[in-house]
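# A look at the structure
What follows is the residue order along each chain.
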Amino acid sequence: MVILGIETSCDETSVGILKNSQLVANLIASQENLHSHFGGIVPEIASRAHLEKIAILFNCALKKAGISSEEIDAIGVTNEPGLKGSLMIGVSFATGLAYALKKPVYHVNHLHAHLAACYLNQNISFPALGLIISGGHTNLYLLRNHTNFHLIGKTRDDACGEVFDKVGRMLNLQFPGGMHVEKLAQKGDEKKLKFPVAYIKNSLDFSFSGIKTAVYYYILKNGIKNAADIAASFQKAITDSIIMKINDAINMFEVKNFLFGGGVIRNEYLRKKITEHLSKKGVRPVICPPDLCTDNGGKVAILTSYIISAGKKPSPYKILVYPTK
Ligand code: KG4
Ligand code: ZN
């Protein structure tokens with residue numbers, strides 16, 4: 001079976017192809033250079049760039065996979081959540097293609113797909129817990145099976161990646177700041193500074209804006225002479241706060257597997273600390289492979305394959321039209 005996955009929810013245009021459960025193509029056209037000098041993503045620029053790239057990427061993905069469009073059995077596309085104009089490009093392209101090829105199209109949740117990236121070549125035992133940490137979301141799920149995601153916790157303010165990006169900006173690093181903060185942190189001392197770690201009692205919700213504000217006031221007062229120590233101490237505070245909630249979740253739900261996805265989970269320090277902690281607790285961490293952590297069509301194709309196996313109905317051949325206000 002050949003499944004095409006399309007992802008255009010934010011600033012990455014991506015097409016992935018899953019053939020007999022193996023990812024045979026997963027091409028990503030990043031728009032980082034278009035947005036970096038604005039210090040954030042400009043939605044109008046993002047949707048126009050998706051429109052320019054999507055058909056080219058589709059043809060390149062077919063070539064990479066060594067298949068023709070007629071061999072595609074089903075198409076999956078991210079339809080929520082994300083930037084409305086960006087989502088429309090992917091959904092319109094997928095729907096048009098499905099209609100032309102007379103194949104089914106499946107609408108896929110962007111965040112669920114981040115966790116589905118962990119399914120590739122892995123046997124997951126359910127129920128499982130799953131945490132997605134990305135630029136726009138920090139969501140904790142209880143998974144009853146491969147396609148049943150029950151939201152049990154989320155951030156009450158900023159998303160974790162958003163805070164990495166904002167601290168990156170305070171340290172004069174390039175946008176998006178996450179990976180640059182991590183690089184800088186490697187040269188710093190994480191014990192040098194103590195940033196507050198937010199902890200919401202009797203809840204599986206997260207809060208990250210306090211750490212961001214603490215870093216802001218520290219820099220306002222002291223400048224960024226010791227940028228590496230700031231980055232390392234900030235990264236430690238964020239990691240500690242995530243691990244405290246992971247701990248609460250495994251105490252509340254009896255699970256054997258804990259899945260992790262989303263752009264921030266590319267962070268090597270976070271991956272190491274999570275692995276160490278869960279291993280001590282007897283829970284197997286299933287952490288998304290680094291190349292599948294950020295937005296990509298491959299994860300959409302993987303989730304689509306499980307949606308099909310679960311016997312779910314395809315989505316209608318209907319283009320999404322969002323209200324403009
Ligand atoms: O999942 P993703 O590609 O897009 C969203 O759905 O938001 O995540 C992007 C986020 C950005 O905030 C980026 O700075 C962060 O992931 N990120 C990282 C690292 N690599 C990417 N954050 C911390 N450390 C990293 N190495
Ligand atoms: Zn994402």
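Residues numbered from 1 in each chain as written. Chains lettered and ligands numbered in written order. Predicted model: local features only at pLDDT ≥ 70, side-chain atom pairs only at ≥ 80, totals over all residues. Heavy atoms only, no water.

Of the regular secondary structure elements, the chain holds 10 helices and 10 strands. Over its C-alpha atoms the chain spans a radius of gyration of 20 Å, differing by no more than 12% from the 20 Å that the globule rule assigns to 325 residues. The dimensions of the chain, computed from C-alpha atoms along their principal axes, are 60 × 45 × 40 Å. Residues counted as buried form 54% of the 325 residues belonging to the chain. For the chain, long-range pairs separated by at least 24 residues make up 72% of all intrachain contacts whose partners lie at least 6 apart in sequence. When the accessible surface of the chain is summed, it comes to about 14800 Å², and 54% of that surface belongs to carbon and sulfur atoms. Counting 37 positive and 26 negative side-chain charges, the chain places the centres of these two groups 3 Å from one another. (Helix = DSSP H or I, 4+ residues; strand = E, 2+ residues; numbered from the N terminus. Rg over C-alpha atoms; globule rule 2.2 N^0.38 Å. Buried < 20%, exposed > 50% of the residue type's maximum accessible area, 1.4 Å probe, protein only. Contact = heavy atoms within 4.5 Å. Areas by Shrake-Rupley, 256 points an atom, 1.4 Å probe, with all protein chains shown as cover. Lys, Arg positive; Asp, Glu negative; His and termini not counted. Charge placed at Lys NZ, Arg CZ, Asp CG, Glu CD.)

Around ligand 1 there are 20 residues in total, and Gly135, Asp165, Gly178, Glu182 and Gly263 lie nearest to it. Gly161 is positioned with one of its backbone polar atoms (N or O) 3.2 Å from an oxygen atom of ligand 1. Asp295 places a polar main-chain atom, nitrogen or oxygen, 3.2 Å from an oxygen atom of ligand 1. Alone, ligand 1 offers 560 Å² of accessible surface; in the complex the protein occludes 90% of this. Elements that contribute at least two residues to the shell around ligand 1 include exactly α4 (110-116), α5 (160-170) and α6 (178-185). Class assignment of the residues belonging to the shell around ligand 1 gives a composition of 5 nonpolar, 11 polar and 4 charged. (Near = heavy atom within 4 Å. Polar contact = N/O pair within 3.5 Å; in protein donor to acceptor, adjacent residues only side chain to side chain. Nonpolar A, V, L, I, M, F, W, Y, C, P; charged D, E, K, R; others polar.)

Before going further, it helps to examine the domain arrangement of the chain. In terms of domain boundaries, the chain breaks down into domain 1 (2-115 + 293-309) and domain 2 (126-288). Placing a centre on the C-alpha atoms of domain 1 and another on those of domain 2 gives a separation of 27 Å. Tallying the contact residues gives 15 residues for domain 1 and 23 residues for domain 2. For the pairing of domain 1 and domain 2, the buried interface totals around 1700 Å² over both sides, and the portion due to carbon and sulfur atoms is 74%. (Domains from an automatic or database assignment. Buried area = accessible area lost by both parts, 1.4 Å probe.)

Right, let's talk about a nonpolar patch on the surface for a bit. A cluster of nonpolar side chains, contributed by Val197, Tyr199 and Met244, occupies part of the molecular surface with about 220 Å² of accessible area. Along the chain, Tyr199 falls in the loop between α6 and α7 (209-222). (Patch = residues over 30% accessible without salt bridge, like charges linked within 9 Å, V, L, I, M, F, W, Y side chains within 5 Å. Salt bridge = Lys/Arg side-chain N within 4 Å of Asp/Glu carboxyl O.)

Both strand β2 (residues 12-19) and strand β3 (residues 22-30) contribute to a ladder of 8 bridges, which runs antiparallel. Residue pairing for β3: Val15 is matched across the bridge by Leu27. What sits between β2 and β3 in their antiparallel hairpin is a turn of 2 residues, with Asn20 showing a positive phi close to 45°. (Pairing = 2+ DSSP bridges.)

Before going further, it helps to spend a moment on the side chain of Thr138. By secondary structure assignment, the location of Thr138 is in strand β7 (residues 138-145). Residue class for Thr138 comes out buried when judged on its relative accessible area of 0%. One polar contact links the side chain of Thr138 to the main-chain amide nitrogen of Cys160, over a distance of 2.9 Å. With near-sequence residues (within four places) excluded, Thr138 lies in contact with Leu131, Ile132, Ile133, Gly153, Lys154, Thr155, Ala159, Cys160, Phe206 and Phe208.

Okay, the side chain of Thr8 next. Tracing the sequence through the fold places Thr8 in the loop between β1 (2-7) and β2. Dropping the residues within four chain positions of it, Thr8 is found in contact with Thr13, His50, Ile54, Ser86, Leu87, Ile89 and Gly90.

Scanning all chains against the criterion turns up 8 salt bridges. Salt-bridge contacts for Glu44 lead to Arg48; the nearest nitrogen and oxygen are separated by 2.7 Å. Placement of the pair is Glu44 and Arg48 together in helix α2 (residues 43-65), with a separation of 4 residues, close to one helical turn. Its relative accessible area of 45% is what places Glu44 among the partly exposed residues. The partner of Asp240 in a salt bridge is Lys236, and the shortest N-O contact between them spans 2.7 Å. With Asp240 and Lys236 both in helix α8 (residues 227-252) and 4 residues apart, the pair spans about one turn of that helix. Owing to a relative accessible area of 24%, Lys236 belongs among the partly exposed residues under this scheme.

Let us look at the sheet that holds strand β8 (residues 148-154). The strand order across the open sheet built from 5 strands is β8-β7-β6-β9-β10, with neighbouring strands paired in mixed fashion. Pairing within the sheet leaves two strands with one partner each, and these edge strands are β8 and β10 (284-287). Direction aside, the axes of adjacent strands within the sheet are offset by 25° on average. (Axes fitted to C-alpha atoms, helices over the stretch in contact; angles between N-to-C directions.)

By size, the foremost hydrophobic cluster in this structure holds 77 residues, and its most contacted members are Phe195, Phe234 and Phe258. With 13 residues, α8 is the single largest residue contributor to this core. Residues from two domains meet in this core; each of domain 1 (2-115 + 293-309) and domain 2 (126-288) gives at least three. Residues within four places of Phe234 in sequence aside, it is in contact with Val163, Phe164, Val167, Val181, Phe195, Ile211 and Val215. Ala61, Val77, Ala98 and Leu101 belong to the second largest nonpolar core, which has 25 residues in total. (Core = buried A, V, L, I, M, F, W, Y, C linked by side-chain atoms within 4.5 Å.)

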